[in-house]
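Inside the fold
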Amino acid sequence: MDEHIDMDNPLCRAYWCGNFSCSDAELASAVRIMDSTAVGLVGLYLATRSPEPRDVDQHDLAVDA
């Protein structure tokens, strides 16, 4: 793929955030981690990353009896 994300263009960033279902910060982080703005590499990283851990509320664990 020859397409690249223009990180200096807010509209371009918003477009790719929408396509990748990620935040602007997540997109910037993926570009930094992959050391690339290539759409294929960044998209692959975002698609295969593990979900971020979150605090589990006791209500989430409760089972209705």
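Report on the accompanying structure. These numbers were taken from a predicted model, which means no experiment stands behind them.

Now for helix H1 (residues 10-20). Looking at H1, one finds that the buried residues are Cys12, Arg13, Trp16, Cys17 and Phe20. What you see down the axis of H1 is that its buried residues fit within an arc of 135°, all on one side. Among the exposed residues of H1, those pointing more than 90 degrees away from its buried face are Pro10, Leu11 and Gly18. Those residues of H1 that are buried lie in contact with helix H2 (24-34) and helix H3 (39-48). Of the residues flanking the start of H1, the one acting as N-cap is Asn9, its side-chain oxygen 2.9 Å from the backbone nitrogen of Leu11. With its phi angle positive at about 55°, Ser21 sits one or two positions after the end of H1.

Take the side chain of Arg13 next. Its place among the elements puts Arg13 in helix H1. Given the relative accessible area of 18%, Arg13 is considered buried. Leaving out residues up to four positions away in the same chain, Arg13 has contacts with Asp6, Met7, Asp24, Leu27 and Ala28.

Another point: the packing of aromatic side chains. Taken as a whole and assessed by the stated rule, the structure comprises 2 aromatic pairs. Judged by centre distance (4.9 Å) and plane angle (85°), the ring pair of Tyr15 and Trp16 falls under edge-to-face. Here Tyr15 falls in the partly exposed class, since its relative accessible area comes to 49%. Residue Trp16 is classed as buried on the basis of its relative accessible area of 8%.

So, on to the state of the cysteines. Inspection of every chain in the model, using the stated rule, returns 0 disulfides. Cys12 takes part in no disulfide bond, and the closest cysteine sulfur to it belongs to Cys17, at a distance of 9.5 Å. For Cys12, a relative accessible area of 15% gives the class buried. Of the cysteine sulfurs around Cys22, a residue in no disulfide, the closest is that of Cys17, at 4.2 Å. Cys22 gets classed as buried once you look at its relative accessible area, which sits at 11%.

Conventions we followed
Residue numbering note: each chain is counted from 1, following its sequence as written. Note on the predicted model: pLDDT of at least 70 is required for a residue's local features to be given, and 80 or more for side-chain atom pairs to be given and counted; whole-chain, interface and lining totals, by contrast, use all residues. The side-chain numbers reported here are obtained from all heavy atoms of the structure, hydrogens and water having been left aside. Burial classes: relative accessible area under 20% of the type maximum marks a residue as buried, over 50% as exposed, and values in between as partly exposed (1.4 Å probe, protein chains only). Here a helix means four or more residues in a row that DSSP labels H or I, a strand means two or more in a row labelled E, and each is numbered from the N terminus. Here the arc refers to the directions that run from the helix axis out to each C-beta atom. The contact criterion used throughout is that any non-hydrogen atoms of two residues lie within 4.5 Å. Any N or O atom pair separated by 3.5 Å or less is treated as a polar contact, with the protein-specific requirement of one donor-capable and one acceptor-capable atom, and with residues adjacent in sequence counted only for side-chain atom pairs. Centres within 6.5 Å are what make two rings of Phe, Tyr or Trp a pair, Trp counting through its six-membered ring; a difference in plane orientation under 30 degrees is then read as stacked, over 60 as edge-to-face, and the rest as tilted. Put simply, a disulfide is two cysteine sulfurs that come within 2.5 Å.

Keep in mind that these numbers describe shape and distance, not what the molecule does.
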